[in-house]
Amino acid sequence: MTEKSSMQSDYESFLHAACDRLGYSKSTLSLLSLAALEIKVEIPIIRDNGELAVFSGYRVQHQNVRGPCKGGLRYHPEVDIDEVRGLASLMTMKTALADIPLGGGKGGIRCNPRELSRRELEVLTRKFVKRIHREIGPNSDIMAPDVGTNAQVMGWIHSEYSAIYGHSPAAVTGKPLALGGSAGRDKATGYGIGIVVKAYAERYGTPLEGATVALQGFGNVGFHAAKALCDLGMKVVAVSDARSAVYHEDGVDIAALAKQKSERGLLADVDGYKALDPGTELEVECDYLVPAALGGVITKENAPRIKAKVVVEGANGPVTSEADVLLHDRDIPVIPDILANSGGVIVSYFEWAQNLQREVWPLKRVDGELERILTNAARQVFDHAAQTTLDLRSAAFDIAVRRVKEALDASGI
Ligand code: NAD
């Protein structure tokens, strides 16, 4: 038996606790924890140097009782079935909390996309679709970008799937605009973090203007979150990526850092910015800490050193269940991933709906609908937490788990 990834066991402990609070039976807990379908495929490709390489690909469909499975596709060297399983079930809860008509799924290919050429990535992606196409599609399972994948990868999925089934833009979201992607999808997760933080500040009466932020990760989520939080008048004092981290007490210039990263691949070496040791960006003094890179980065080891007043889970599963307890004991609220980073899946839902209806929404409509749905979800979580004295994660899980159970009951299971 393989050891379960921390993410999966963390997720199970949150789910378990919610089922206990809601008085659900053990069999209901099993039904809610187990995936409906798990796929593992081996994908051989010929590398540019002429050698054969074989990569493992995964897709897990956790639950489709509220709608087709929905979730990202991750390209990363540490992808394995346990991680994908945990992330798929998290998606079920995320779509339920946002109350959108979708279920939960996730996939990944165990590879280092930085070591693959564009041609190799395209061949790998197309072969993955060739192997799993019978199980995915607009009414069954819809993929989207995640760590290590982007709009281009989604474009290849769209093209390969459409070659088999005819033009099918709704089979995948996060596509390039030219292929039926939605306005606002690219920034949606980070922009959504801004919406959730604003709702939090309004509810708990904390000022946004001048509030300080430390961010881990400067990819899709981190970069757009930084922009959104600055637009709210907040000050991003620390930013990191996989290789570098910088700090300035007066706030860093996000546009300048993005330019430098695209030109030189590094955030560090900006005049006047202090370089931080990797990981210590999580420990700087700030109002909001936004881990927006990978899972399991706030652990029982570093949780006692977190100095933020609030942690906002930009990434999926950045706070382990042990760290969650320690932060709670220290009165540091955690805005959970299933709320904080759900902007991406909500706009993916808009993209899917636009594709199905052959519509094209302007950005203003996308942003406005996202704000409406996400603010509503955030207020429901804050209300439930206040009524029950639960922490925000527990409140969010209770709402989501109850919705999935209601759908299972209504469907006759
Ligand atoms: P990405 O690949 O675009 O960016 C990841 C960033 O994290 C990069 O800047 C990378 O350099 C950095 N990083 C990697 N390891 C790091 C480390 N040890 N320390 C600091 N930085 C590190 O990925 P993304 O799409 O931004 O996703 C980030 C997280 O958000 C993931 O957990 C993902 O599952 C989650 N998420 C993404 C979306 C989305 O729409 N993209 C939606 C919901 C959740």
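Above this text sits the structure in question.
Note that the structure is a prediction, hence the values are computed from the model and not measured.

Caption draft 1: Highlighting the pattern of salt bridges. Applying the stated criterion across every chain, the model contains 31 salt bridges. Between Asp398 and Arg21 there is a salt bridge; the shortest N-O distance is 2.8 Å. Of this pair, Asp398 sits in helix α13 (residues 392-410) while Arg21 is found in helix α1 (residues 6-22), placing the two residues 377 residues apart along the sequence. Residue class for Asp398 comes out buried when judged on its relative accessible area of 4%. Since its relative accessible area comes to 34%, Arg21 is described here as partly exposed. Across the pair Lys187 and Asp367 runs a salt bridge whose closest N-O atoms are separated by 2.8 Å. Pair noted here: Lys187 is in the loop between α5 (151-165) and α6 (188-204) and Asp367 is in helix α12 (residues 363-388), with a separation of 180 residues, a long-range link. By relative accessible area, Asp367 is classed as buried at 13%. Overlapping salt bridges, with partners in common, bring together Arg74, Glu83, Lys106 and Asp146 in one network.

Caption draft 2: How the structure looks around unusual backbone geometry. The residue Asp99 is not glycine, and still its phi comes out positive at about 60°. For Asp99, the position within the fold is in the loop between α3 (81-98) and β4 (104-110). Residue Asp331 is not a glycine yet carries a positive backbone phi of 60°. Here Asp331 lies in the loop between α9 (321-329) and β12 (334-335).

Caption draft 3: Spatial organisation of a nonpolar patch on the surface. Together, Ile46, Leu52 and Val54 give the surface a local cluster of nonpolar side chains, amounting to about 300 Å² of exposed area. Tracing the backbone through its elements, the reader meets Leu52 in strand β2 (residues 52-63).

Caption draft 4: Molecular detail of the nonpolar core. Counting residues in hydrophobic clusters, the biggest one holds 81 residues, and the most contacted among them are Met93, Tyr288, Val312, Ile335, Leu339, Phe397 and Val401. If sequence neighbours within four positions are ignored, Val401 has contacts with Leu15, Ala18, Cys19, Leu22, Tyr24, Leu32 and Met93. One finds Leu121, Phe128, Ile136 and Val153 within the second-largest nonpolar core, a separate group that totals 25 residues.

Quick notes on the rules
- Residues numbered from 1 in each chain as written.
- Predicted model: local features only at pLDDT ≥ 70, side-chain atom pairs only at ≥ 80, totals over all residues.
- Heavy atoms only, no water.
- Salt bridge = Lys/Arg side-chain N within 4 Å of Asp/Glu carboxyl O.
- Helix = DSSP H or I, 4+ residues; strand = E, 2+ residues; numbered from the N terminus.
- Buried < 20%, exposed > 50% of the residue type's maximum accessible area, 1.4 Å probe, protein only.
- Patch = residues over 30% accessible without salt bridge, like charges linked within 9 Å, V, L, I, M, F, W, Y side chains within 5 Å.
- Areas by Shrake-Rupley, 256 points an atom, 1.4 Å probe, with all protein chains shown as cover.
- Core = buried A, V, L, I, M, F, W, Y, C linked by side-chain atoms within 4.5 Å.
- Contact = heavy atoms within 4.5 Å.

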